[in-house]
Amino acid sequence: MFRGFYTAATGMIAQQRRTEMLSNNIANANTPGYKADQSTIRSFPNMLMSSIQKTGAASLQNGFNPSNMQQIGDLGTGVYMQETLPNFLQGSIVETESNTDVALLDGDLPVNPQTGKQGAVFFKVQTADNRQAYTRNGNFTIDGQGFLTTARGEYVLDENNNRIALQNNEFTLKSTGEITVDGQQVGRLGVAYSNQPDALEKQENGLYFTANNQDLPNAYNANGVTFTMQQGFTESSNVDSAQTMTSMMEAYRVFEANQKVLQAYDRSMDKAVNEIGKV
């Protein structure tokens, strides 16, 4: 009885965490460059149930005899949400008419033969603690010191990992990443390439970090990788709001079903303790 109680509880916990993930996707539906999280729910290893045959009780006195065991079947032990992984599918491109906004458009991205998934390209930025991070959010601005930064103040880096100094927004960005001011090139927007983006650590504000803090390779030099940039545009999030709301309703219904099973077990235990126990 207690096994079923805990199995239903694990189902409720898994759906609660899935709902939290989906709610975060909905909250970021209008965040430029946001990549929707996807979850994988797996079951715990099943328990193999066996029974001892009638002749087994006497034989156990002389030692365990596997031949006296009769297999009954598997017993599920619950589920859990194993992990959440971003979906790196390209979002739609939206015009903003802001000179500091940049959209990163995927071109040919090689498929990793080990994972069977495409790689991904990112803008390179520098955080307040001088760590190199990566983002798809091209909603940039210029700070008070004349540096190109993200909306939250991370410095945007060039291809040599240097900060990009621009006194104002009167600059031109080519589709190949070169930044020109008054017809002279002053730098090239830094873009990194990851052949295994699922291994990146996703943190708040749409930033990604490598697990070992090693810099990702320069995307301009990556073999077989092509991409372009478009000034005055941003990449919108790839959250499908309608599908996400449907998934949230599904998660709620599954949570509710597990809740009813748990309540049924609770009533059964209450009756066993307060009624049958009195006999």
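Treat the numbers as computed from the prediction; the structure is a model and nothing was measured. Residues take numbers from 1 onward in each chain, read along the sequence in its written order. Restriction of local features to residues with pLDDT of at least 70 applies here, the model being predicted, together with a cutoff of 80 or more for giving and counting side-chain atom pairs; totals for whole chains, interfaces and linings are based on all residues. By convention in this description, side-chain values take in all heavy atoms of the structure and omit both hydrogens and water.

Engineer: Now, about the nonpolar core: what can you tell me, with residues and values included?
Structural biologist: Counting 26 residues, the largest nonpolar core has Val-121, Leu-189, Val-191, Phe-227 and Met-229 as its most contacted members. Where this core is concerned, the elements lending two or more residues are strand E6 (102–106), strand E7 (120–126), strand E15 (191–194), strand E17 (207–209) and strand E18 (227–231). In DSSP terms, a helix is any run of H or I states spanning at least four residues, a strand is any run of E spanning at least two, and both are numbered starting from the N terminus. Of all the elements, E7 adds the most residues to this core, at three residues. Note on terminology: a nonpolar core comprises buried Ala, Val, Leu, Ile, Met, Phe, Trp, Tyr and Cys residues joined through side-chain atoms within 4.5 Å. Residue exposure (1.4 Å probe, protein chains only): buried if accessible area is under 20% of the type maximum, exposed if over 50%, otherwise partly exposed. Listed in part, the eight residues of the second largest apolar core include Ala-120, Ala-192, Leu-200 and Leu-216.

Engineer: Tell me what's going on with the packing of aromatic side chains, and back it up with residues and numbers.
Structural biologist: Here a Phe, Tyr or Trp ring, Trp counted by its six-membered ring, pairs with any other such ring whose centre lies within 6.5 Å, and the pair is stacked when the planes are under 30 degrees apart, edge-to-face when over 60, and tilted otherwise. As enumerated under the stated definition, the model contains six aromatic pairs in all. Aromatic side chains Phe-88 and Tyr-208 sit 5.6 Å apart centroid to centroid with 45 degrees between the ring planes, which places their arrangement in the tilted category. With Phe-88 in the loop between strand E4 (79–86) and strand E5 (93–95) and Tyr-208 in strand E17, the pair connects residues that are 120 residues apart, well separated along the chain. Of the two residues examined, Phe-88 and Tyr-208, each falls in the buried class. Ring centres 5.2 Å apart and planes at 75 degrees place the aromatic pair Phe-123 and Phe-140 in the edge-to-face group. Pair noted here: Phe-123 is in strand E7 and Phe-140 is in strand E9 (residues 140–142), with a separation of 17 residues, a long-range link. For Phe-123, a relative accessible area of 0% puts it in the buried group. Of the residues examined, Phe-140 reaches a relative accessible area of 2% and is grouped as buried.

Engineer: Lay out the pattern of salt bridges in plain terms, naming residues and giving numbers.
Structural biologist: Salt bridges are defined by distance alone: a side-chain nitrogen of Lys or Arg within 4 Å of a carboxyl oxygen of Asp or Glu. Under the defined criterion, the tally for this structure stands at nine salt bridges. As a salt-bridge pair, Arg-253 and Glu-256 come within 3.3 Å of each other at their nearest N and O atoms. A residue pair is termed a helical-turn pair when its members lie 3 or 4 positions apart in one helix, as Arg-253 and Glu-256 do in helix H3 (residues 241–274) at three residues. Overlapping salt bridges, with partners in common, bring together Lys-35, Asp-106, Arg-136 and Glu-235 in one network.

Engineer: Can you lay out the side chain of Asn-25 for me, pointing to particular residues and giving the numbers?
Structural biologist: Relative to the elements of secondary structure, Asn-25 occurs in helix H1 (residues 2–27). Residue classification places Asn-25 among the buried residues on the basis of a relative accessible area of 2%. Here, residues are in contact when the closest pair of their heavy atoms is within 4.5 Å. The residues contacting Asn-25, other than those within four sequence positions of it, are Tyr-34, Ala-36, Asp-37, Val-239 and Thr-244.

Engineer: I'd love a proper account of the side chain of Thr-127, names of residues and values included.
Structural biologist: Relative to the helices and strands, Thr-127 resides in the loop between E7 and strand E8 (132–135). Residue classification places Thr-127 among the buried positions, given a relative accessible area of 10%. Polar contact is the term for a pair of N or O atoms within 3.5 Å; when the atoms are in protein, one must be able to donate a hydrogen and the other to accept it, and sequence-neighboring residues count only if both atoms are side-chain atoms. In this structure the side chain of Thr-127 is engaged in a polar contact, spanning 2.3 Å, whose partner is the side chain of Asp-129. Leaving out residues up to four positions away in the same chain, Thr-127 has contacts with Ala-133, Glu-154, Leu-207 and Phe-209.

Engineer: Could you give an account of unusual backbone geometry, with specific residues and numbers?
Structural biologist: Notably, Glu-97 is not glycine yet its phi reads approximately 60 degrees, a positive angle. Positionally, Glu-97 belongs in the loop between E5 and E6. Here Glu-97 falls in the exposed class, since its relative accessible area comes to 70%. Of note, Asp-182 is a non-glycine position whose phi angle comes to about 55 degrees, a positive value.

Engineer: Could you give me a rundown of the pairing of strand E14 (residues 184–188), with the residues and numbers involved?
Structural biologist: DSSP bridges decide pairing: two strands pair if at least two such bridges lie between them. Bridge count for strand E13 (residues 178–181) against E14 is four bridges, and the pairing is antiparallel. Bridging from a neighbouring strand, Thr-180 pairs with Gln-185 of E14. Following E13, the chain reverses through two residues before pairing antiparallel with E14; Asp-182 in that reversal takes a positive phi of roughly 55 degrees.

Engineer: Talk me through the environment of Tyr-134; I want residue IDs and the actual numbers.
Structural biologist: Here Tyr-134 is to be found in strand E8. Residue Tyr-134 is classed as buried on the basis of its relative accessible area, which comes to 1%. The spatial distance from the C-alpha of Tyr-134 to the C-alpha of Phe-123 is 5.5 Å, given a sequence separation of 11 residues. Excluding anything up to four places from it in sequence, Tyr-134 contacts Phe-122, Phe-123, Lys-124, Val-125, Ala-192, Gly-206, Leu-207, Tyr-208, Thr-210, Gln-214, Asp-215 and Leu-216. Polar side-chain contacts of Tyr-134 include one of 2.8 Å to the backbone nitrogen of Leu-216.

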